[in-house]
Structures are given as structure tokens and as C-alpha cells.
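# Observations on the model geometry
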Amino acid sequence: MKKKILITGGAGFIGSHVVRLFLNKYPNYDIYNLDALTYAGNLENLTDIENVKNYTFIKGDITDEVFIYKIFSKYKFDSVIHLAAESHVDRSITDPLAFVKTNVIGTMILLNAFKDYWSSNFENKLFYHISTDEVYGTLSETGLFTEETPYNPNSPYSSSKASSDHFVRAYGETYNLPYIISNCSNNYGQNQFPEKLIPLFINNIINNKPLPVYGDGNYTRDWLYVKDHATAIDTIFHNGLNNETYNIGGFNEWKNLDLVKLLCGHMDVKLKRTPKKSEALITFVKDRPGHDLRYAIDASKIKRELGWEPSVTFEEGLKITIDWYLDNNKWLQNVTSGLYQSYYEKQYRK
Ligand code: NAD
Ligand code: DAU
């Protein structure tokens, strides 16, 4: 079946992998990538597919209501895969309102445009909202987040994502808008902006800079390789049930400090440095305010109902990721010049 899919945030980390997967796998779909190209959006992530016939890039902001309505009537998207967001917890602590604007208001504008365009006939239409496990709040040392875990967000980022999830669900209840939500754990892989733990630390190791571990480093995250998230999104988009939520995770929990030491070990080998050289860069710094202790996803529903599970082990995924950053020094240099420097100074000067 032919489709016209609007993917928002397709120039970002996860979005670029989703755009590429859909273009390669579904040559009969028209894929429209809408992205405002904020600091996190980068068309260099998509140079290999930019000339594909059924691909259209649209530069624009999801908070620009007039523009969003205009592109809906111009292109008549039958489906939306909505990834555009402000995505970094630390930035949400410094500038929470930016997160409300994009993640809440932007999502509302997309929902309204989709509803107003299709409300006479929602058949074969879908609004697929990409969310995060952080909406569930934090876990203690045991337990897993399931789809039934009550929302309990702790950061401005997770609150804005939780709020957008609620609106999506409410539009389903109120206007019969066909939607799906998925909540995924921490992603890592190629093209991740080096403000997030793994690429930031890879970049600092390359440059022999301190590795700023927040607090005592005893925080736990559940890591998933980004291309596995993209295949989960593909699976859910095509086979998921409307008005359902799916958790996506890697069954792969790591304490930050253990992960950082593993990363340091691999980097020493790759950079032909003496063992433990990179570990010596570890520096414990002031903790993130409201830092969630532990995230861990129970991804059994998506496995049981849709047959999806991660295909890449953490060991493999981390090596692919490290190799990519080492082979793409130009990409890394481009994204860490300019504004990145002032962000870094401000964030880590304390
Ligand atoms: P990212 O920050 O790398 O990319 C976000 C993209 O959205 C960028 O290309 C940016 O230019 C674009 N964007 C931001 N504001 C916009 C606006 N107002 N209008 C149009 N485009 C805008 O983020 P990511 O890590 O790729 O995350 C993508 C989505 O997945 C987000 O919704 C995030 O909440 C969710 N998510 C991320 C993770 C993770 O570990 N990174 C895990 C679970 C869920
Ligand atoms: O769980 C999914 C979420 O994962 C996504 O929704 C977010 O978009 C994504 O940013 C990520 O959030 P985290 O806050 O978990 O990711 P981050 O890479 O910022 O941090 C991972 C852990 O590492 C966290 O416990 C904080 C810690 N950390 C992070 C940075 C940037 C440090 O110790 N030092 C750092 O410099």
C-alpha cells in the first residue's frame, strides 16, 4: 500500500535512522522529513539518502501552526511518526520553557492539524508518537517499567514528554484520533549529538578531556542500539494496534560508572593507549538535580505481541558506535564547534 508519511525530527539522532530505514525498506512510500534544524538537527546525518526520489526534506518548526496546517493541505500526510522534540534532560533543567513549547505545544499543533485534516475519515490513518521511558519516573534497585506503570515524571524534559503523551491519548479518547505511543529506553549509536553520555565521553576521551560523571555514578540506564529502536518503530507502525502503548528496551542495564569504564577500555584499545589511560580521565562532578536513579524497561509486550526484540548486543553496538565516531571525526568536529563550546562551558564549569 502506498503511504505519505510525515516524520518529524528526522534530521536528529533517532529520526535520521528511522528516515533511512523507511526509505530503504519501503520504496513505494513517500517520506517527508520535517525538521527545524535546531542545534540537534543535522542534514549531514542524511547525506546518503538526500537525493532519493521519494524523499522530501521540509525545513520548518512544529510550533508554527500556520505552516503546519499549510503542509498538511499541501502534502496530505496519511501518517505521522512524531520524533521532533527537545531531548536533553540537562538542557531542560536550564530552559524548561523551551521544552514546553516544542514537546507540548508543538505536539498539540501537529495533533490538531492531523485531526482537522482527517476527522471526516480516520481509516488507515495513524498518529504515531515517539516517547520515552522517563515518563514513568524512577525505579529503585528492583522492578521494571511496564505499560501499566503510572506516569511520575521528575524532570522538565520527562514532564513535557508525559504531557504530550497524555494529549495524544486524550485525542484518541475525545476525537477518535487513531494513535500509537511507544516509550523507549536510552538509545546509543551513530549520529548521537555529543551532549548525551556515550558520545560526549567518546569525544572527551579522543581529546583527553575529563569525563564528568554526575554524583557517584551509581545511576542505572537500560541501553538500546539506535537501529534496533528504528526497527521497533517500523514494527509498531506496521503491526501495532491503534490506541495502544508499547515499551521498547534493550534488557540491558548498566550502572553509569561500569558503562564508562567499559567504554574507556574499548577506547584505550582503539586509540592504542596504555590500559586504564582513559579511566584516569573520570572526574566526579556535581550531580544532576532530580537525577532519576534507575530506568529499566519490561519490553515483553512488544516481543510477545509483535515479535520484536533487539538484534545487536551491547558489546557489538558499542564497538560499532566507537568505530563510527573515530571514522567520522569531521562530523564530530562540525557539531562540537561554535555553540557547543559555550553550552559545554556553561554545563560543566561548576
Ligand atoms: P535529537 O535531539 O537528536 O533530535 C531531535 C530533532 O528534532 C532534531 O533534528 C531537531 O532539529 C528537531 N526539532 C527540535 N525541535 C523542533 C521543532 N520545534 N520543530 C521541528 N523540529 C524540531 O533527539 P533524539 O534523541 O533523536 O530523540 C528523538 C525522539 O525520541 C524524541 O521525541 C525523544 O523524546 C525520543 N526518545 C529519545 C531517546 C534517546 O535515548 N535519545 C529515548 C527514548 C525516546
Ligand atoms: O531513557 C530515555 C532517555 O534517555 C531519553 O528520553 C532522553 O532523550 C535521553 O537524553 C536519555 O536521557 P538520560 O538523561 O538518561 O541520558 P544522558 O545521556 O543525558 O545521561 C545518561 C546517564 O549518564 C544519566 O544517569 C546522567 C549521566 N551523565 C550524563 C551526562 C551527559 C553523566 O554522569 N555525565 C554527563 O555528562
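These numbers were taken from a predicted model, which means no experiment stands behind them.

## Focus: the site of ligand 2
Ligand 2 sits among 25 residues. The nearest are Asp133, Glu134, Tyr157, Arg288 and Tyr348. The side chain of Tyr157 places a nitrogen or oxygen atom 2.6 Å from an oxygen atom of ligand 2. Interatomic distance of 2.6 Å between a side-chain N/O atom of Arg288 and an oxygen atom of ligand 2. In isolation ligand 2 offers 690 Å² of accessible surface; the protein chains occlude 95% of this area. Residue assignment for the shell around ligand 2 shows that the elements contributing at least two residues are α3 (89-94), α6 (197-206) and β8 (211-214). Here the shell around ligand 2 takes three residues from β8, the largest share from any one element. In terms of residue class, the shell around ligand 2 is made up of eleven nonpolar, seven polar and seven charged. Here the shell around ligand 2 spans two domains, since at least three of its residues come from each of domain 1 (4-188 + 223-248) and domain 2 (197-220 + 253-290 + 315-342).

## Considering the pattern of salt bridges
A side chain of one charge can pair with a side chain of the opposite charge when the charged atoms of the two come close. Considering all chains together, one arrives at 13 salt bridges under this definition. One salt bridge connects Glu244 with Lys301, and the closest N-O pair in it is separated by 2.5 Å. Of this pair, Glu244 sits in strand β10 (residues 244-248) while Lys301 sits in helix α9 (residues 300-306); the two residues are 57 residues apart in sequence, bridging distant segments of the chain. On the accessibility criterion, Glu244 (26% relative accessible area) is partly exposed. Residue Glu309 pairs with Lys303 through a salt bridge whose shortest N-O separation is 3.4 Å. Classification of Lys303 as partly exposed rests on a relative accessible area of 43%. Counted as one network, the salt bridges with shared partners bring together Arg91, Glu195 and Lys196.

## Describing the nonpolar core
Residues Phe22, Ile31, Ile81, Tyr128, Ile248 and Ile302 are the most contacted members of the largest nonpolar core, which totals 73 residues. Counting contributing residues, this core receives three or more from each of domain 1 (4-188 + 223-248) and domain 2 (197-220 + 253-290 + 315-342). Contacts of Tyr128, omitting those with residues within four sequence positions, involve Val80, Ile81, His82, Ile180, Ile181, Ser182, Ile233, Ile236, Phe237 and Ile248. Counting residues in hydrophobic clusters, the runner-up holds 27 residues, among them Ile62, Trp118, Phe127 and Val168.

## What to know about the sheet that holds strand β2 (residues 29-35)
If you walk across this open sheet you meet the seven strands as β3-β2-β1-β4-β5-β6-β10, and the pairing is parallel. The two strands at the open ends of the sheet, each matched to only one other strand, are β3 (55-59) and β10. On average, each strand axis in the sheet is tilted by 20 degrees relative to the strand beside it, whichever way the strands run. With six bridges joining them, strand β1 (residues 3-8) and β2 adopt parallel strand pairing. Paired with Ile7 across the strands is Asn33, a residue of β2.

Calculation notes
Residues numbered from 1 in each chain as written. Chains lettered and ligands numbered in written order. Predicted model: local features only at pLDDT ≥ 70, side-chain atom pairs only at ≥ 80, totals over all residues. Heavy atoms only, no water. Near = heavy atom within 4 Å. Polar contact = N/O pair within 3.5 Å; in protein donor to acceptor, adjacent residues only side chain to side chain. Areas by Shrake-Rupley, 256 points an atom, 1.4 Å probe, with all protein chains shown as cover. Helix = DSSP H or I, 4+ residues; strand = E, 2+ residues; numbered from the N terminus. Nonpolar A, V, L, I, M, F, W, Y, C, P; charged D, E, K, R; others polar. Domains from an automatic or database assignment. Salt bridge = Lys/Arg side-chain N within 4 Å of Asp/Glu carboxyl O. Buried < 20%, exposed > 50% of the residue type's maximum accessible area, 1.4 Å probe, protein only. Core = buried A, V, L, I, M, F, W, Y, C linked by side-chain atoms within 4.5 Å. Contact = heavy atoms within 4.5 Å. Pairing = 2+ DSSP bridges. Axes fitted to C-alpha atoms, helices over the stretch in contact; angles between N-to-C directions.

These results come straight from atomic positions and should not be treated as a statement about function.
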